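Below are the chains, spelled out letter by letter.
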Amino acid sequence: MATELPTTDIRISTEAIRRRKGGTPIVCLTAYTYPIARLLDDHVDLLLVGDSVAMVLHGHKTTLGASLEMMIAHGQAVMRGSARACVVVDMPAGTYEDSAAQAVASARRMIDETGCQAVKLEGGVDMARQIAAIVAAGIPVMGHIGLLPQSVEKDGGYKIKGRTEKAVATLVRDALAVEGAGAFSVVIEGTIETVAADITRRIAIPTIGIGASGDCDGQILVIDDMVGLTVDRVPKFVKEYADLRSVVSHAAERYAAEVRSRTFPGPGHVFSATKRGDDA
């Protein structure tokens, strides 16, 4: 029987996440900034500082625009804004693939400079050695299989995985390899629903779905997608729970009109003459 998370203000550990397998679904969202981390912390189990920050906040076309320094900076911001959620930071492309030694060094720097609870990296069988080395160094790892955003240029775009028997077999091998290497959980992205559900039943660590299956042990979305703030294409698997695009646009429209008409700033937004000593 899955163990439920404690209802205290102690930060949720990766081990607590691992024990959620088969229990109450794990709630995950991305976060990149201090204020968003503050707003989400009470409502989620896990905050992922995703390399999607390169696209969402920095305007890159793919996640390949993320660097280790970028991820550390955003990881630090999220850690400052979070007190309860388990915080995981993505390892960006080019910081772990070459060797186990490179992976451990990058993961160690991420942990030391942000204080996050774990790192995440993409890949299955091909990255099992790196995952095992990072775990052996005492750093928890979240895996990521299926559609791999860091590989979209190599794959020729964002292609849904698991459409053929061969592809399904590859995904199963990847999931088992990530589990065997010691990861505490694994993201399954952009994968045929039945395949993601079957993988969830096959492995003993929690699966976190994004464009995968409702049978996964948890779900994650990019925060800007979830609140309707994404200004480019919104993926099919996203449900928008708010429409902040309209809120921000309308607020800017009202502000612009008031500035041009000189109704802002009004009396309540300026400073009158002060009494002697008030400027001290």
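As a starting point, this report considers the structure included with it. Everything numeric in this text was worked out from a predicted model, so none of it was measured.

Let's talk about the layout of surface pockets
Quantified by volume, the largest pocket comes out at close to 1,100 Å³. Forming the boundary of the largest pocket are 41 residues, of which Met55, Tyr158, Asp225, Pro235 and Phe237 lie nearest the centre. Sorting the residues of the lining of the largest pocket by element identifies α3 (53-56), β6 (185-189), β8 (218-221) and α10 (223-226) as the ones contributing at least two each. For the lining of the largest pocket, a count of residues per class yields 18 nonpolar, eleven polar and twelve charged. The volume enclosed by the second largest pocket comes to roughly 480 Å³. Looking at the second largest pocket, it is lined by 24 residues, and the ones nearest its centre are Asp126, Leu148, Ser151, Lys154 and Asp155. Broken down by element, the lining of the second largest pocket gets its largest block of residues, four residues, from helix α8 (residues 165-181). Taken together, the residues of the lining of the second largest pocket sort by class into eight nonpolar, eight polar and eight charged.

Points about the environment of Asp41
Along the polypeptide, Asp41 turns up in the loop between α2 (34-40) and β2 (46-49). For Asp41, a relative accessible area of 5% corresponds to the buried category. Put simply, Asp41 and Thr63 are 22 residues apart on the chain and 24 Å apart in space, counted from C-alpha to C-alpha. Residues contacting Asp41, with those up to four places away along its chain left out, are Leu47, Gly81, Ser82, Ala83, Arg84 and Ala85.

Description of the nonpolar core
A general tendency of soluble globular proteins is for nonpolar side chains to be buried together. Ranked by internal contacts, the top residues of the largest apolar core, which has 58 residues, are Leu47, Met110, Val119, Ile134 and Ile199. Not counting chain neighbours up to four residues away, the residues in contact with Leu47 comprise Leu29, Ala31, Ala37, Leu40, Asp41, Val78, Ser82, Ala85, Cys86, Val87 and Val88. One finds Leu46, Val88, Ala118 and Phe184 within the second-largest nonpolar core, a separate group that totals 16 residues.

Topic: the pairing of β6
The element β6 is extensively covered by neighbouring structure, given that five of its five residues are classed as buried. Alternating residues of β6 divide into Ser185, Val187 and Glu189 and Val186 and Ile188, and every residue in both groups is buried. Bridging between strand β5 (residues 141-146) and β6 involves five bridges; their strand directions are parallel. From the neighbouring strand, Gly146 faces β6, where its bridge partner is Glu189. Summarising the sheet, β6 and strand β7 (residues 207-210) pair through four bridges and their orientation is parallel. Paired with Ile188 across the bridge in β7 is Gly209. A crossover connection joins β6 to the parallel β7 through helix α9 (residues 193-202); in handedness this β-α-β unit is right-handed.

What about the packing of aromatic side chains?
The description of two aromatic rings rests on the distance between their centres and on the angle between their planes. For the structure shown, the criterion picks out one aromatic pair. When the centroid spacing of 5.9 Å and the interplanar angle of 65° are considered together, the rings of Tyr255 and Phe264 count as edge-to-face. The class for Tyr255 is exposed, based on a relative accessible area of 52%.

A short note on the packing of helix α5 (residues 100-114) against helix α6 (residues 128-136)
Relative to each other, α5 and α6 sit at 45°, their axes nearing to 8 Å. In terms of their interaxial angle, α5 and α6 are classed as oblique. α6 is crossed by α5, and the crossing has right-handed handedness. For the pair formed by α5 and α6, the contact residues are Ala100, Ala103, Val104 and Ala107 on the first element and Arg129, Gln130, Ala133 and Ile134 on the second. Looking at the contact of α5 with α6, its residues break down into six nonpolar, one polar and one charged.

Cut-offs and rules
Residues numbered from 1 in each chain as written. Predicted model: local features only at pLDDT ≥ 70, side-chain atom pairs only at ≥ 80, totals over all residues. Heavy atoms only, no water. 1 Å grid on protein atoms, 1.4 Å probe; cavity = no way out; pocket = protein on both sides within 12 Å on 5 of 7 lines; lining within 4 Å. Points joined across faces, edges and corners; volume = space filled by probe spheres on them. Helix = DSSP H or I, 4+ residues; strand = E, 2+ residues; numbered from the N terminus. Nonpolar A, V, L, I, M, F, W, Y, C, P; charged D, E, K, R; others polar. Buried < 20%, exposed > 50% of the residue type's maximum accessible area, 1.4 Å probe, protein only. Contact = heavy atoms within 4.5 Å. Core = buried A, V, L, I, M, F, W, Y, C linked by side-chain atoms within 4.5 Å. Pairing = 2+ DSSP bridges. Right-handed = clockwise from strand over helix to strand, strands pointing away. Phe/Tyr/Trp six-rings, centres within 6.5 Å; stacked < 30°, edge-to-face > 60°. Axes fitted to C-alpha atoms, helices over the stretch in contact; angles between N-to-C directions. Parallel < 35°, antiparallel > 145°, perpendicular 65-115°, else oblique. Left-handed = near helix turned anticlockwise from the far one by under 90°.

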